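A closer look at the structure
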Amino acid sequence: MPLPDIRRVKVSRLAIIGAGDLGYSILRLANDIPQYDPVGFFDDTCQNSSVHGLPLLGGLDSIETKWNQGACDAMVIAIGYRHMQFRRELYDRLVSLNIRLANIIHPSVILAKDACIGSGSVLFPGCILDVGSRVGNNCILNAGVTIAHDSAVEDHTICGPGVTLAGFTCVQQSCFLGTHTTIIDHINVAPNITTGAGTVVIKNLTEPALYVGVPARKLKPNIN
């Protein structure tokens, strides 16, 4: 996908919620996208007035006030896989406040013409969304994720680098797929499931749990 003509792109001031490693990664990603101008972070744990070269706009309890004051034009959630329930709750809160959630999509991402992406999702370099594929709201697709034709990743799900979904597969809400997880065609993955790195899923996963191995086997209940 070619970079858009910067002269024709409306620039949005972007605030990032979460100033940890994921927040820094999203900052660097946004810096590669002409339509976004990162202006600061919201974070409850940072003690400094600035972080990663940008101002700390406040804690999460100040989001609504700063939004109403016009501190930014859009926000993105940079809360990682260890806090899946909080990610869901925060997204719902932002939507209820009518805060605009930005999609951060690297220019190298390949999108089929009919691929669909919800609000507040982040796609890192090298992702591929094939024909008829769907990504929900508040998802994170790390580098090199491939979603084959007619497959879906539903809301609040995070895919680690190199995850591959074959055709006609559905990964339901709030899953975390570890690095290089592979899911064969016509598979359904229930909500709140986690897979370990390199897991190969060859049958439906129906119970929230951590799955590992080739083929995938349940290791322990999921605590997310």
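Residues numbered from 1 in each chain as written. Predicted model: local features only at pLDDT ≥ 70, side-chain atom pairs only at ≥ 80, totals over all residues. Heavy atoms only, no water.

Time to look at the overall build of the protein. Secondary structure assignment for the protein yields three helices and 24 strands. Relative to its length of 224 residues, the protein is compact, with a C-alpha radius of gyration of 17 Å against a globular reference of 17 Å. Here the C-alpha coordinates of the protein stretch approximately 50 × 40 × 30 Å along the principal axes. Here the protein, with 224 residues, has 49% of them falling under the buried criterion. Relative to all contacts within the protein whose residues are 6 or more apart in sequence, the contacts with residues 24 or more apart total 30%. Put simply, the protein shows about 10400 Å² of open surface, and 52% of that area lies on carbon and sulfur atoms. Once the 17 positive and 18 negative side-chain charges of the protein are each reduced to a mean point, those two points are 2 Å apart. (Helix = DSSP H or I, 4+ residues; strand = E, 2+ residues; numbered from the N terminus. Rg over C-alpha atoms; globule rule 2.2 N^0.38 Å. Buried < 20%, exposed > 50% of the residue type's maximum accessible area, 1.4 Å probe, protein only. Contact = heavy atoms within 4.5 Å. Areas by Shrake-Rupley, 256 points an atom, 1.4 Å probe, with all protein chains shown as cover. Lys, Arg positive; Asp, Glu negative; His and termini not counted. Charge placed at Lys NZ, Arg CZ, Asp CG, Glu CD.)

Attention now goes to the side chain of Thr 157. Inspection of the secondary structure puts Thr 157 in the loop between β14 (152–153) and β15 (158–159). Using a relative accessible area of 0% as the deciding quantity, one classes Thr 157 as buried. A polar side-chain atom of Thr 157 sits 3.2 Å from the main-chain carbonyl oxygen of Glu 154. Separated by 3.0 Å, the side chain of Thr 157 and the backbone oxygen of Gln 172 make a polar contact. Excluding its chain neighbours within four sequence positions, the residues that come into contact with Thr 157 are Asn 138, Cys 139, Ile 140, Val 171, Gln 172, Gln 173, Ser 174 and Cys 175. (Polar contact = N/O pair within 3.5 Å; in protein donor to acceptor, adjacent residues only side chain to side chain.)

Across a sheet, paired strands are connected by hydrogen bonds in the backbone, their directions being either parallel or antiparallel. On the basis of which strands lie adjacent, the open sheet formed by five strands has the order β8-β11-β14-β17-β20 and parallel pairing. Both edges of this open sheet fall to β8 (116–117) and β20 (188–189), since each of them pairs with a single strand only. Across two bridges, strand β11 (residues 134–135) lies against β14 in parallel orientation. If you follow Val 135 over to β14, its bridge partner there is Val 153. (Pairing = 2+ DSSP bridges.)

It is worth spelling out the environment of Thr 194 at this point. Relative to the assigned elements, Thr 194 resides in strand β21 (residues 194–195). Overall, the relative accessible area of 11% leaves Thr 194 in the buried class.

Glancing now at the nonpolar core. Core analysis: the biggest nonpolar cluster contains 28 residues, and Leu 141, Ile 183 and Val 189 have the highest contact counts within it. For Val 189, the contacting residues outside a window of four places in its chain are Cys 170, Val 171, Gln 172, Cys 175, Ile 183 and Leu 205. If you look at the next biggest cluster of nonpolar residues, it comprises 24 residues, including Leu 29, Ile 33, Cys 46 and Phe 176. (Core = buried A, V, L, I, M, F, W, Y, C linked by side-chain atoms within 4.5 Å.)

Turning our eyes to something else, we now look at unusual backbone geometry. Across residues other than glycine, the phi torsion is negative in most instances, and most of the peptide bonds are trans. In this chain, Val 214 is followed by Pro 215 through a cis amide linkage whose omega measures -5°. Positive phi is not limited to glycine here, since Asn 138 has a value of about 60°. Here Asn 138 is to be found in the loop between β11 and β12 (140–141). Positive phi values are uncommon outside glycine, yet His 186 reaches one of about 60°. Structurally, the position occupied by His 186 is in the loop between β19 (182–183) and β20. Looking at His 186, the relative accessible area reads 53%, which means it is exposed.

The next point concerns the confidence of the model for the protein. Across the protein, the average pLDDT comes to 94, with 95% of residues at or above 70. A low-confidence stretch, residues 1–9 stays under pLDDT 50, and its non-local contacts, those more than four residues away or across chains, total eleven contacts. (pLDDT = per-residue confidence, 0-100.)

The subject of this paragraph is the environment of Asp 61. Positionally, Asp 61 belongs in the loop between β4 (54–58) and α2 (63–68). Residue classification places Asp 61 among the exposed residues on the basis of a relative accessible area of 67%. Sequence-distant contacts of Asp 61, that is, excluding residues within four places in its chain, are made with Asp 44 and Arg 93.

As a further point, take the packing of aromatic side chains. Tallied over the entire structure, the rule returns one aromatic pair. Where Tyr 81 meets Phe 176, the ring centres are 4.4 Å apart and the plane angle is 10°; that geometry is what we call stacked. Here Phe 176 lies in strand β18 (residues 176–177) and Tyr 81 lies in the loop between β5 (74–77) and α3 (84–96), a separation of 95 residues in the sequence. On the basis of relative accessible area, Phe 176 is assigned to the buried category, the value being 14%. Its end group placed over the ring of Tyr 24, Arg 28 keeps NZ or CZ at 4.3 Å from the ring centre. (Phe/Tyr/Trp six-rings, centres within 6.5 Å; stacked < 30°, edge-to-face > 60°. Lys NZ or Arg CZ within 6 Å of the ring centre and 35° of its normal.)

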